[in-house]
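Working through the structure, step by step
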Amino acid sequence: MTEPFDVLTMGRIGVDLYPLQTGVPLPQVETFGKFLGGSPTNVAVAAARLGRSSAVISRTGQDPFGTYIHQALGEFGVDDRFVTAVERYPTPVTFCEIFPPDDFPLYFYREPKAPDLEIHSAELDFGAVAAARIFWASGTGLCQEPSRAATLDALAARSAAADGAADRFTVFDLDWRPMFWSAGPDEARAHYERALAHSTVAVGNVDECEIATGTRDPRACAEALIAAGVDLAVVKQGPEGVLALHRDGTAAEVPPHPVDVVNGLGAGDAFGGALCHGLLAGWGLEHVMRYANAAGALVASRLACSPAMPTAAEVEDLLRH
């Protein structure tokens, strides 16, 4: 690698099998679309669609779905050099049901274990992790070993390499999925605290912030996340918009961008990719939040996740209207 990646994400990867019919229970669905999936992976795709160089650290099964993932990453312009195969576990698949505007149940097939939880510290390219302008890790990566240790080691490497540059960020996506944790929120909170201590940005919805901080009040969540070590806390509130609070006291409260929701899944990942884009561009906090909200709204108005990630021109067009 001759130049550091703009955005390097780490964690969940898989195949989304989403119904091509809305308002239909899964047993009655007749046709599905196959898409690249996994939240950190979608963030990398979203950043690439906005013109940023991006890569993913993850693992797949050694199977046809694993082959498909590499093909899809290449088509989206996401570097796949850090995505390796695990022979003994299948590539995960995820199904959903689509009941607009706000009911999108997810069904994860990640047994006996997802390959992306088999990331080992010894396999990490710590040079690439340290050099990336943004490193993005997720809460899901903390739910099992060896991924937990690898995620925390990667975050610690970022802290050790910190040089005070204003355009380098370590983002911890709270990404709470209760079905992935055996011991529940208390176990997660302890590991989240360790991750936050090595991060400069925290992002999550109210439920996720409650797991990390113990409170649901958005302002209190943001203040608790800053107290845990980050410089910027971003609390997504769904129909109430987003609250962003910086350690220097700067704050932005931005309403959601109105759209007709088709599928809300993936909107948060589009928000994340746009957040990365805005941070790297050096925009003011309110503009970053408005831009990220618009990117999320565009994906919510579309059926798929990764193929729905918007271009910069699409986001800017929506912001003008």
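Report follows, based on the coordinates. (Residues numbered from 1 in each chain as written. Predicted model: local features only at pLDDT ≥ 70, side-chain atom pairs only at ≥ 80, totals over all residues. Heavy atoms only, no water.)

**Re the sheet that holds strand E8 (residues 106-109)**
- Strand order across the open sheet formed by four strands is E3-E2-E7-E8, with mixed pairing between neighbours. Sheet topology places strand E3 (32-37) and E8 at the edges, where each strand pairs with a single neighbour. Averaged over all pairs of adjacent strands, the angle between strand axes in this sheet comes to 25°, irrespective of strand direction.
- In terms of strand pairing, strand E7 (residues 93-96) meets E8 through four bridges, oriented antiparallel. Bridge pairing in E8 links Cys96 to Leu106.
- Against the sheet, helix H2 (residues 64-76) engages strand E2 (14-19), E3 and E7, with an angle of about 70° to E3. (Pairing = 2+ DSSP bridges. Helix = DSSP H or I, 4+ residues; strand = E, 2+ residues; numbered from the N terminus. Axes fitted to C-alpha atoms, helices over the stretch in contact; angles between N-to-C directions. Contact = heavy atoms within 4.5 Å.)

**So, the nonpolar core**
- Ranked by size, the top nonpolar core spans 55 residues in total, and within it Leu36, Leu73, Ile134, Val234 and Met289 carry the most contacts.
- Here this core takes 10 residues from helix H9 (residues 285-300), the largest share from any one element.
- Phe82, Leu155, Cys209 and Ile226 belong to the second largest nonpolar core, which has 45 residues in total. (Core = buried A, V, L, I, M, F, W, Y, C linked by side-chain atoms within 4.5 Å. Buried < 20%, exposed > 50% of the residue type's maximum accessible area, 1.4 Å probe, protein only.)

**What to know about unusual backbone geometry**
- Residue Glu111 is joined to Pro112 through a cis peptide bond whose omega torsion reads 0°.
- By the element assignment, Pro112 lies in the loop between E8 and helix H3 (126-131).
- In this structure, the amide linkage connecting Glu145 to the following residue, Pro146, adopts the cis form with an omega of 0°.
- Residue position: Pro146 is located in the loop between strand E9 (134-138) and helix H4 (147-160).

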